[in-house]
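Residues per chain are reported as follows:
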Amino acid sequence: MANDRTHDDPTHVQEFFTARAADWDSRFPDDGPAYAAAVAGLGLRPGDAVLDAGCGTGRALPFLRDAVGPGGSVLGADLTPAMLEAAVGAGRHRAAHLLVADVGRLPVRTGALDAVFGAGLISHLARPAEDLRELARTVRPGGLLALFHPVGRAALAARHGRQITPDDLRAEPNLRPLLAGSGWLMTSYTDEDDRFLVLAVRKD
């Protein structure tokens, strides 16, 4: 799958991840510390409610649960049932309530969440502006968004034998206004070989 595409069709996303769900974790066995560090960057507090949007096999879910504690709420939403089945197989369903859902149409009350975590999410959104706006809807004013990938843009492109293109939505000049137009204010942008992490705050 091209990682510099500006949008992705939901059917294509499902087909792509369904074919890879069973061995997804074994392909990236060393990503745990990067997920833990990204979740720590969100600054979650005990009792918070957080959504892992496009949670895949749920690699972030145990870290999110640890951050919000037993009194918090963790939701994991993914478009691909096979990925959620892999999350259950790995025992990560114990950390969260799992939902088969499109992030563009979430069964979550307006303002119900304190934060959203999205790993590898941007490149798989069918309608980036609208989908980010839907995520903003679910988060209280002042709530947080983390867009994460365990490797940076250049390293990810190299992994797929591609070059970064100017229209890459993850590039700061593209992502900052996209977030601003979708209800978010970017507060930090990190794009290094071993981490891509963007933090944003839900605007009032």
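Keep in mind that this is a model prediction, so the values were computed, not measured. Along every chain, residues carry numbers that run from 1 in the direction the sequence is written. The predicted origin of the model limits local features to residues at a pLDDT of at least 70 and limits the giving and counting of side-chain atom pairs to 80 or more, whereas totals for whole chains, interfaces and linings rest on all residues. The basis for every side-chain value is the complete set of non-hydrogen atoms in the structure, without hydrogens or water.

Draft legend 1. Looking closely at the confidence of the model for the protein chain. Model confidence for the protein chain is summarised by a mean pLDDT of 89, while 86% of its residues fall at 70 or above. Counting contacts from residues 1-6, a segment whose pLDDT is below 50, to residues more than four positions away or on other chains yields 22 contacts. Every residue carries a pLDDT, the predictor's confidence in it, which falls somewhere between 0 and 100. Any two residues whose heavy atoms approach within 4.5 Å at even a single point are treated as in contact.

Draft legend 2. Region of the structure containing the sheet that holds strand β7 (residues 195-202). At least two bridges found by DSSP between two strands is the condition for calling them paired. Note on conventions: DSSP H or I runs of at least 4 residues are helices, E runs of at least 2 residues are strands, and numbering of each starts at the N terminus. Strand order in the open sheet formed by seven strands is β3-β2-β1-β4-β5-β7-β6, with mixed pairing between adjacent strands. Two strands close off the open sheet at either side, each with one partner strand: β3 (97-100) and β6 (184-192). Neighbour-to-neighbour, the strand axes of the sheet open up by a mean angle of 15°, direction not taken into account. Both strand β5 (residues 139-149) and β7 contribute to a ladder of six bridges, which runs antiparallel. When the bridges of β7 are listed, leucine 144 appears paired with valine 201. Lines fitted to C-alpha atoms define the axes here, with helix axes fitted over just the stretch in contact, and angles between the N-to-C directions of these axes take values from 0 to 180 degrees. Each of β2 (73-78) and β3 is contacted by helix α5 (residues 81-89), which is oriented at about 165° to β3, the strand it contacts most.

Draft legend 3. Summary view of the nonpolar core. Side-chain atoms within 4.5 Å link the members of a nonpolar core, which is a set of buried Ala, Val, Leu, Ile, Met, Phe, Trp, Tyr and Cys residues. Under the scheme applied here, a residue whose accessible area is under 20% of the maximum for its type counts as buried, over 50% as exposed, and between as partly exposed, the area being computed with a 1.4 Å probe on protein chains only. Within the largest apolar cluster, 30 residues are counted, with the highest numbers of intra-cluster contacts made by Leu51, Leu132, Leu135, Leu175, Leu179 and Trp184. The set of elements that each furnish at least two residues to this core consists of β1 (49-53), β2, β4 (113-119), α6 (128-138), β5, α8 (172-180), β6 and β7. Once you skip the residues sitting within four places of it in the chain, leucine 132 turns out to touch Ile122, Leu125, Leu145, Leu178, Leu179, Ser182 and Trp184.

Draft legend 4. Here's a closer look at α5. Turning to α5, its buried residues number three or more, namely Met83, Leu84 and Ala87. Buried residues in α5, looked at end-on, bunch into an arc of 100°, giving them a common side. The exposed set on the far side of α5, more than 90 degrees from its buried face, consists of Glu85 and Gly89. Once α5 finishes, glycine 91 follows within two positions and takes phi at roughly 80°, a positive value. By arc we mean the arc of the directions from the helix axis to the C-beta atoms, nothing more.

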